[in-house]
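# Chains, contacts and geometry: an overview
Chain by chain, the residues:
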Amino acid sequence: MSDNSLTTTAPMDDIELITRFLNHQLDDESAEHVRERLENDPDFFYLAEPLLFAWSVPRHVDRHPRPEGELEEM
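Residues numbered from 1 in each chain as written. Predicted model: local features only at pLDDT ≥ 70, side-chain atom pairs only at ≥ 80, totals over all residues. Heavy atoms only, no water.

## Digging into the nonpolar core
What tends to happen in soluble globular proteins is that the nonpolar side chains get buried as a cluster. Counting 9 residues, the largest nonpolar core consists of Ile18, Phe21, Leu22, Leu26, Ala31, Val34, Leu38, Phe44 and Ala48. Of all the secondary structure elements, the ones that give two or more residues to this core are helix H1 (4-22), helix H2 (28-40) and helix H3 (42-56). When neighbours within four sequence positions are excluded, Val34 is seen to be in contact with Leu17, Phe21, Leu26 and Phe44. (Core = buried A, V, L, I, M, F, W, Y, C linked by side-chain atoms within 4.5 Å. Buried < 20%, exposed > 50% of the residue type's maximum accessible area, 1.4 Å probe, protein only. Helix = DSSP H or I, 4+ residues; strand = E, 2+ residues; numbered from the N terminus. Contact = heavy atoms within 4.5 Å.)

Structure (structure tokens):
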């Protein structure tokens, strides 16, 4: 394979790292490392920004809660 394969795997590794960070699946040391990269690495932040936005949107259930007692009636 060419050098092209190296450039395509690195962003996927970063995406996995960001996703695991957002899902609280990293230990404290790794999470702190991601926070530092987000603050100090513009390219990493640019890659992470859409995921950070997506994780900030409240779930449908949180935005539109069921009326009290509806689940009991069903």
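From this point, the narrative continues.
## Section: the packing of aromatic side chains
Counted by the stated rule, this structure contains 0 aromatic pairs. The ring of Phe44 has Arg37 sitting right over it, with the charged end atom 3.8 Å from the ring centre. (Phe/Tyr/Trp six-rings, centres within 6.5 Å; stacked < 30°, edge-to-face > 60°. Lys NZ or Arg CZ within 6 Å of the ring centre and 35° of its normal.)

## Section: the pattern of salt bridges
Within the structure shown, the criterion is met by 3 salt bridges. Between Asp14 and Arg37 there is a salt bridge, and its shortest N-O distance comes to 3.3 Å. Remark: Arg37 occurs in helix H2 and Asp14 occurs in helix H1; sequence separation between them is 23 residues. The class for Asp14 is buried, based on a relative accessible area of 19%. Among the residues examined, Arg37 registers a relative accessible area of 21% and is labelled partly exposed. For Arg37, the salt bridge is made with Asp41, and the minimal N-O distance between the two is 3.7 Å. Three or more residues joined by partner-sharing salt bridges are found here, namely Asp14, Arg37 and Asp41. (Salt bridge = Lys/Arg side-chain N within 4 Å of Asp/Glu carboxyl O.)

## Quick word on H3
Taking 1.5 Å of rise per residue, 15 residues should cover 21 Å, and H3 covers 20 Å from first to last C-alpha, within 8% of that figure. Its maximal kink placed at Ala48, H3 deviates by approximately 45°, while the proline Pro50 follows within four residues. Its side-chain oxygen placed 3.2 Å from the backbone nitrogen of Asp43, Asp41 serves as the N-cap of H3. (Expected span 1.5 Å × (residues − 1). Bend = angle between axes of the 7 residues up to and from the residue. Polar contact = N/O pair within 3.5 Å; in protein donor to acceptor, adjacent residues only side chain to side chain.)

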